[in-house]
Amino acid sequence: MEVVVEDCCATKNSPVTVDTEINCPQCGHKGKGIKIITMKSLLLPEALATLEADGDYRMCSNPECQVVYFNGKGGMYRTQDLKVPVFPKSDDPDCPICYCFGWTRRKLKADHDQVGQSTAVHEISEHIKAGRCGCEVNNPEGSCCLGNVKKYLTSLSGT
Ligand SMILES: [Zn+2]
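For every chain, the first residue of the written sequence is number 1, and numbering continues from 1 along that sequence. Reporting of local features is limited, given that this is a predicted model, to residues whose pLDDT is at least 70; pairs of side-chain atoms are given and counted only at 80 or more, and all residues count toward the totals for whole chains, interfaces and linings. Note that the side-chain values use all heavy atoms of the structure and ignore hydrogens as well as water.

A. Local environment of the sheet that holds strand β3 (residues 67-70). In this description, strands pair whenever DSSP reports at least two bridges between them. Elements are defined by DSSP. Helices are runs of H or I of four residues or more, strands are runs of E of two residues or more, and each kind is numbered from the N terminus. The strand order β1-β2-β3-β4 describes an open sheet built from four strands, whose pairing is antiparallel. Only two strands of the sheet have a single partner each, and these edge strands are β1 (32-33) and β4 (76-78). With two bridges connecting them, strand β2 (residues 58-59) and β3 associate as antiparallel partners. Directly across from Met59, in β3, lies its bridge partner Tyr69.

So, in structure tokens, the structure goes:
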């Protein structure tokens with residue numbers, strides 16, 4: 001038996017085929033899948049007002065490119081369309097790397113310089129273990145920040 005779910009919020013003509021390879025229209029970088037909930041949480045009202053809820057969006061993770069989200073149908077959102085600066089597209093020292101718990105470049109560097117070894121990774125790991133993370137709705141990448149935090153700390157130790 002086939003069950004057809006009628007959802008009042010569902011859009012007609014949702015695309016059935018999923019195009020897995022969509023590249024950034026600006027820089028050609030390969031797009032990374034992004035959940036719509038992440039975009040709904042982080043887009044500014046004017047940008048959100050143009051969102052296609054079934055739009056199959058991707059994220060451009062090229063730091064040099066100002067396009068954040070895009071789809072294959074000309075939909076595009078840039079860094080200024082988001083409520084938060086986008087790591088690593090922003091070089092602002094106050095740009096968060098861990099969005100959930102507020103670890104910015106500046107805070108991570110200060111912690112690293114003071115203690116000699118950052119407490120951030122341990123602290124963030126404890127929060128993850130306790131189930132407090134909200135990466136899906138806080139981090140423009142929609143995924144765990146820990147990899148980016150570690151990479152940044154490694155770059156500090158390297159110099
Ligand atoms: Zn791009």
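Additional details are given in the paragraphs that follow.
B. Layout of the packing of helix α4 (residues 120-129) against helix α6 (residues 146-157). Where α4 contacts α6, the two axes come as close as 11 Å, and the packing angle between them is 175°. Between α4 and α6, the interaxial angle falls into the category roughly antiparallel. Across the interface between the two elements, Val121, Ile124, Ser125 and Ile128 of α4 pack against Leu146, Val149, Lys150 and Leu153 of α6. Only Asp, Glu, Lys and Arg are considered charged, only Ala, Val, Leu, Ile, Met, Phe, Trp, Tyr, Cys and Pro nonpolar, and every remaining residue, Gly among them, polar. The residue inventory of the contact of α4 with α6, partitioned by class, reads six nonpolar, one polar and one charged. For helices, the fitted line uses only the C-alpha atoms of the stretch in contact; every axis is such a line through C-alpha atoms, and the angle between N-to-C directions lies from 0 to 180 degrees. Any angle from 65 to 115 degrees is called roughly perpendicular, while one under 35 is roughly parallel, one over 145 is roughly antiparallel, and all others are oblique. Any two residues whose heavy atoms approach within 4.5 Å at even a single point are treated as in contact.

C. Just the pattern of salt bridges, in detail. Think of a salt bridge as a Lys or Arg side-chain nitrogen and an Asp or Glu carboxyl oxygen that are within 4 Å of each other. Counted by the stated rule, this structure contains seven salt bridges. Between Asp56 and Arg58 there is a salt bridge, and its shortest N-O distance comes to 3.0 Å. Burial status follows relative accessibility: with a 1.4 Å probe on protein chains alone, a residue under 20% of its type maximum counts as buried, one over 50% as exposed, and anything between as partly exposed. Classification of Arg58 by relative accessible area gives buried; the value is 7%. Ionic pairing is found between Asp94 and Arg106, a salt bridge with its closest N-O pair at 2.7 Å. On the criterion of sequence distance, the pair formed by Asp94 in the loop between β4 and β5 (96-98) and Arg106 in helix α3 (residues 105-115) is long-range, its members being twelve residues apart.

D. Focus on the layout of surface pockets. Cavity: a set of points on a 1 Å grid over the protein atoms alone where a 1.4 Å probe fits but cannot get out. Pocket: an open set with protein on both sides within 12 Å along at least five of seven lines, its lining residues, like those of a cavity, having an atom within 4 Å of a point. Grid points are joined across faces, edges and corners, and a volume is the space filled by probe spheres set on the points. Of the pockets and cavities examined, the largest pocket occupies roughly 180 Å³. Around the largest pocket, the lining residues are Ser61, Pro63, Phe87, Pro88, Arg105, Glu141, Asn148, Lys151 and Tyr152. Ranked by residues supplied to the lining of the largest pocket, first place goes to α6 with three residues.

E. Looking closely at α6. Multiplying 1.5 Å by the helix residue count minus one yields the expected span of that helix. In this model, α6 (twelve residues) spans 17 Å end to end at C-alpha, consistent with the 16 Å of a helix rising 1.5 Å per residue. Within the span of α6, buried status applies to Leu146, Asn148, Val149, Tyr152, Leu153 and Leu156. In an axial view of α6, the angular spread of the buried residues amounts to 160°, which keeps them on one side of the axis. In α6, the exposed positions that point more than 90 degrees away from the buried face belong to Lys151 and Thr154. In this fold, the buried residues of α6 make contact with β5, α3 and α4. Think of the arc as the fan of directions from the helix axis to the C-beta atoms.

F. Spotlight on the side chain of Asn139. Tracing the backbone through its elements, the reader meets Asn139 in the loop between α5 (135-138) and α6. Throughout this description, a polar contact denotes any pair of N or O atoms lying within 3.5 Å of each other; where both atoms belong to protein, one of them has to be capable of donating a hydrogen while the other can accept it, and for residues adjacent in sequence the pair is counted only when both atoms sit in side chains. Within the local environment of Asn139, its side chain forms a polar contact with the backbone oxygen of Ser143, the two atoms lying 2.8 Å apart.

G. Just the environment of Arg58, in detail. Checked against the element boundaries, Arg58 lands in strand β2. Of note is the side chain of Arg58, whose polar atom sits 3.0 Å from the side chain of Asp56.

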